[in-house]
Structures are given as C-alpha cells and as structure tokens.
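Now for the letters of each chain:
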Amino acid sequence: VQLQASGGGLVQAGGSLKLSCVASGDSVSGYTLGWFRQAPGKEREFVSAIFRRAGNTYYATAVKDRFTVSRDNAKNTVYLQMTSLKPEDTAVYYCAAGRRLIVTTVRQDSAYDYWGRGTQVTVSS
C-alpha cells in the first residue's frame, strides 16, 4: 500500500485546512487509517484514527472537537478536516494504515504497517 498525503499549507490561527490521503496498491477498506504529526524537535504523535468498516473514530485530546477524521472507501481516501487551527498545530502530518489495530494500539505509531510521506501544516499567529 502506498499513501500520499496532501492539502497542507500555511494558514492563520483560527483558520481551517482539509488534508487528504489517497491510498494505492490495495483497497484500504479493511484497514484502520490514522493521522500522526511531528513538529520540529518533537517526537511523532498521534492525531486521529478511523477504524475500518464500522468507522469508529479516535482523537488526541489536543485536537478533539477541532479536527474530524473521515474516510471514503470507494475513493480509497482518508481525510482530516482541521478547524480552529492553532500555532501549536504546526507540524508535518502523516497518514498511516494498519490491518491489525485495536482500541488499545490505535494511538501507537509502531502498530501501523504503511506510511505516507507527510504534508506540512504551518499555522501563523
């Protein structure tokens, strides 16, 4: 599975962006799809994830109520709608896919099998 994230950019605080991640090479309808981010000088951290078919979603506390993850299995795509952006949201955002994730591992980057290259999100104050 190859993943390609897009939609990043420069936005002012309070603004919105929508990230997309398109998968190729296999249908990802049977995968859990996740978003992680890495800010300069910091470790990669979990942002959000959406389980396969049932569509259960999970969010990091820092983004809950501001970000919304969704998926379109017909388009082999996962989205991350980001609103009320803050300067601390500035990071490279990565999408990931995994087959064997469960509730207790969905926030662990080591549990994902495939990763995209990332897209830069910069939020100015």
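Attention in this report is confined to the structure presented alongside it.

Reading guide: rules and limits
- Residues numbered from 1 in each chain as written.
- Predicted model: local features only at pLDDT ≥ 70, side-chain atom pairs only at ≥ 80, totals over all residues.
- Heavy atoms only, no water.
- Helix = DSSP H or I, 4+ residues; strand = E, 2+ residues; numbered from the N terminus.
- Buried < 20%, exposed > 50% of the residue type's maximum accessible area, 1.4 Å probe, protein only.
- Polar contact = N/O pair within 3.5 Å; in protein donor to acceptor, adjacent residues only side chain to side chain.
- Contact = heavy atoms within 4.5 Å.
- Core = buried A, V, L, I, M, F, W, Y, C linked by side-chain atoms within 4.5 Å.
- Salt bridge = Lys/Arg side-chain N within 4 Å of Asp/Glu carboxyl O.

### Observations concerning the side chain of Thr-119
Okay, step 1: Secondary-structure assignment places Thr-119 in strand β11 (residues 119-124).
Okay, step 2: Owing to a relative accessible area of 10%, Thr-119 belongs among the buried residues under this scheme.
Okay, step 3: Side-chain polar atoms of Thr-119 contact the backbone nitrogen of Gly-8, separated by 3.1 Å.
Okay, step 4: Among all residues touching Thr-119, those that are not within four sequence positions of it are Ala-5, Ser-6, Gly-7, Gly-8, Leu-19, Ala-91, Val-92 and Tyr-93.

### Brief notes about the nonpolar core
Okay, step 1: In this structure, Trp-35, Phe-67, Leu-80, Met-82, Tyr-93 and Tyr-112 are the most contacted members of the largest nonpolar core, which totals 39 residues.
Okay, step 2: Counting residues per element, this core draws most heavily on strand β9 (residues 91-98), which supplies 5 residues.
Okay, step 3: Beyond its immediate stretch of four places on either side in the chain, Tyr-112 contacts Thr-32, Leu-33, Gly-34, Phe-36, Phe-46, Ala-49, Ala-96, Ala-97, Gly-98, Leu-101 and Val-106.

### Looking at the pattern of salt bridges
Okay, step 1: Taken as a whole, this structure holds 6 salt bridges when the rule is applied.
Okay, step 2: One salt bridge in this structure joins Asp-89 and Arg-37, with 2.9 Å as the shortest N-O distance. Taken together, the residues span a long stretch of sequence, with Asp-89 in the loop between β8 (77-82) and β9 and Arg-37 in strand β4 (residues 32-38) at a distance of 52 residues. Pair check on accessibility: Asp-89 and Arg-37 agree, each one buried.
Okay, step 3: Each of Arg-37, Glu-45, Arg-66 and Asp-89 takes part in one network of salt bridges that share partners.

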